[in-house]
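Chain and residue survey
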Amino acid sequence: GGGGGSGSGAGRRRDASVDPLQLHDGADEYAADALSALFGLPRTEALIEDFACAISRAILLQGRMYITQDHVCFHSNIFGHRTLAVMHFEAIGAIRKVTHALINPGIEITTVEGEVHSFASFFFRDHTYRIIKELWKIHQRKQRRAPCAPQGRD
């Protein structure tokens, strides 16, 4: 019988921080409701993976990044101060690996409008980066194939 890819059958690695969308087997409907309530996403949006990290504002705000098939989202709630970020993959112009404070691995996402979202404190930065980059590439290919996509604007 044929085997799957290199990651087939491997359990999902989870870090130790608290996850407001704690997932258990069969909890896809709960996750869809929670993502919809928290970020205003359609209920059809599927959670790919989530990670503990921090968003860089005046200080680093610890929270969670949620990657769905169409969005990169971030939620932080520090002493009642809520921070949300929601970026559709089609609105992302650039993604790059960065380092904060010389040692803290991070990811910087720049929207097509020039808005920069900087994330740090990842346990698995390279894994997170690969997921975001691959989904972004898929959306770029879909946009290029769309019949109403702008042609040749440089």
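Residues numbered from 1 in each chain as written. Predicted model: local features only at pLDDT ≥ 70, side-chain atom pairs only at ≥ 80, totals over all residues. Heavy atoms only, no water.

Some thoughts on the pairing of strand 2 (residues 60-68)
- With seven of its nine residues buried, strand 2 lies for the most part within the structure.
- Where strand 1 (residues 47-56) lies against strand 2, nine bridges are found, and the strand directions are antiparallel. In the strand pairing of strand 2, Ala52 is matched with Arg64.
- Between the antiparallel neighbours strand 1 and strand 2 lie three residues. (Buried < 20%, exposed > 50% of the residue type's maximum accessible area, 1.4 Å probe, protein only. Helix = DSSP H or I, 4+ residues; strand = E, 2+ residues; numbered from the N terminus. Pairing = 2+ DSSP bridges.)

Considering unusual backbone geometry
- Of note, Ala101 is a non-glycine position whose phi angle comes to about 50°, a positive value.
- Here Ala101 shows up in the loop between strand 5 (92-100) and strand 6 (104-111).

Concerning the pairing of strand 7 (residues 116-120)
- Counting buried residues in strand 7 gives four out of five residues, a clear majority hidden from the surface.
- In this sheet, strand 7 lies alongside strand 1 in antiparallel orientation, the contact comprising two bridges. Counterpart to Ala54 in the pairing with strand 7 is Ala120.
- Summarising the sheet, strand 6 and strand 7 pair through four bridges and their orientation is antiparallel. Residue Thr110 lies in a different strand from strand 7, and its bridge partner there is Val116.
- Counting the residues in the hairpin turn of strand 6 and strand 7 gives four residues, including Gly114, whose phi is positive at 95°.

Note that every value here comes from positions in space, so none of it alone points to a role or purpose.
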